[in-house]
Amino acid sequence: MIGTSVAAQTALAGKVIDDNGEPVFFGNVALFKQGVLIRGGETDLDGNYVIGNLDPGTYDVEFSYTGLQSKKYEGVVIN
């Protein structure tokens with residue numbers, strides 16, 4: 001699974017696509033801080049997601065979907 005994410009002030013938004021460049025719809029997006037799940041979300045029909053109301057800091061973001069390998073990005077900074 002390939003995930004592209006964009007950090008923005010107090011929110012994290014992006015699009016999740018598979019290895020063929022197709023959007024992953026209804027995929028899971030989990031946000032962790034120091035190993036603790038802070039918040040989660042789901043992608044829409046176009047693979048887009050937004051997780052808002054976040055405290056500034058450094059997070060790990062994990063994308064998962066049944067049948068695809070999970071992908072984790074560490075050290076995502078939210079300003």
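For the structure, see preceding data.
In every chain, residue numbers begin from 1 and rise along the written sequence. Owing to the predicted nature of the model, reporting of local features is limited to residues with pLDDT of at least 70; listing and counting of side-chain atom pairs is limited to 80 or more, with chain, interface and lining totals taken over all residues. Side-chain metrics rest on all non-hydrogen atoms present in the structure, leaving aside hydrogens and water.

Caption draft 1: Looking closely at the nonpolar core. Counting residues in hydrophobic clusters, the biggest one holds 13 residues, and the most contacted among them are L12, L31, Y49, L54 and V61. To qualify as a helix, a DSSP run of H or I must reach at least 4 residues; to qualify as a strand, a run of E must reach at least 2; elements of each kind are numbered from the N terminus. Broken down by secondary-structure element, the contributors of at least two residues to this core are β2 (11-17), β3 (28-33), β5 (48-51), β6 (57-65) and β7 (68-78). Contacts of L31, omitting those with residues within four sequence positions, involve L12, V36, L37, I38, R39, I51, L54, Y59, D60 and V61. Put simply, buried Ala, Val, Leu, Ile, Met, Phe, Trp, Tyr and Cys residues joined by side-chain atoms within 4.5 Å make one nonpolar core. When a residue's accessible area, from a 1.4 Å probe over protein chains only, is under 20% of the maximum for its type it is buried; when over 50% it is exposed; and in between it is partly exposed. The contact definition used throughout considers only heavy atoms, calling two residues in contact when any of these lie within 4.5 Å.

Caption draft 2: Examining the packing of aromatic side chains more closely. Think of it this way: a Phe, Tyr or Trp ring, Trp meaning its six-membered ring, pairs with another when their centres are within 6.5 Å, and the plane angle makes it stacked under 30 degrees, edge-to-face over 60, tilted otherwise. Considering all chains together, one arrives at three aromatic pairs under this definition. Pairing F25 with F26 gives two aromatic rings, centres 5.9 Å apart and planes at 85°, and the pair type is edge-to-face. Accessibility expressed as a relative area gives 39% for F25, which makes it partly exposed. The structure contains a cluster of three or more aromatic residues connected by ring pairs, namely Y49, F63 and Y73. Two conditions define a charge sitting above a ring: the NZ of Lys or the CZ of Arg must be within 6 Å of the ring centre, and it must be within 35 degrees of the ring normal. Here K71 stacks its cationic end above the ring of Y73, 5.4 Å away from the centre of that ring. The ring of F32 has K72 sitting right over it, with the charged end atom 5.3 Å from the ring centre.

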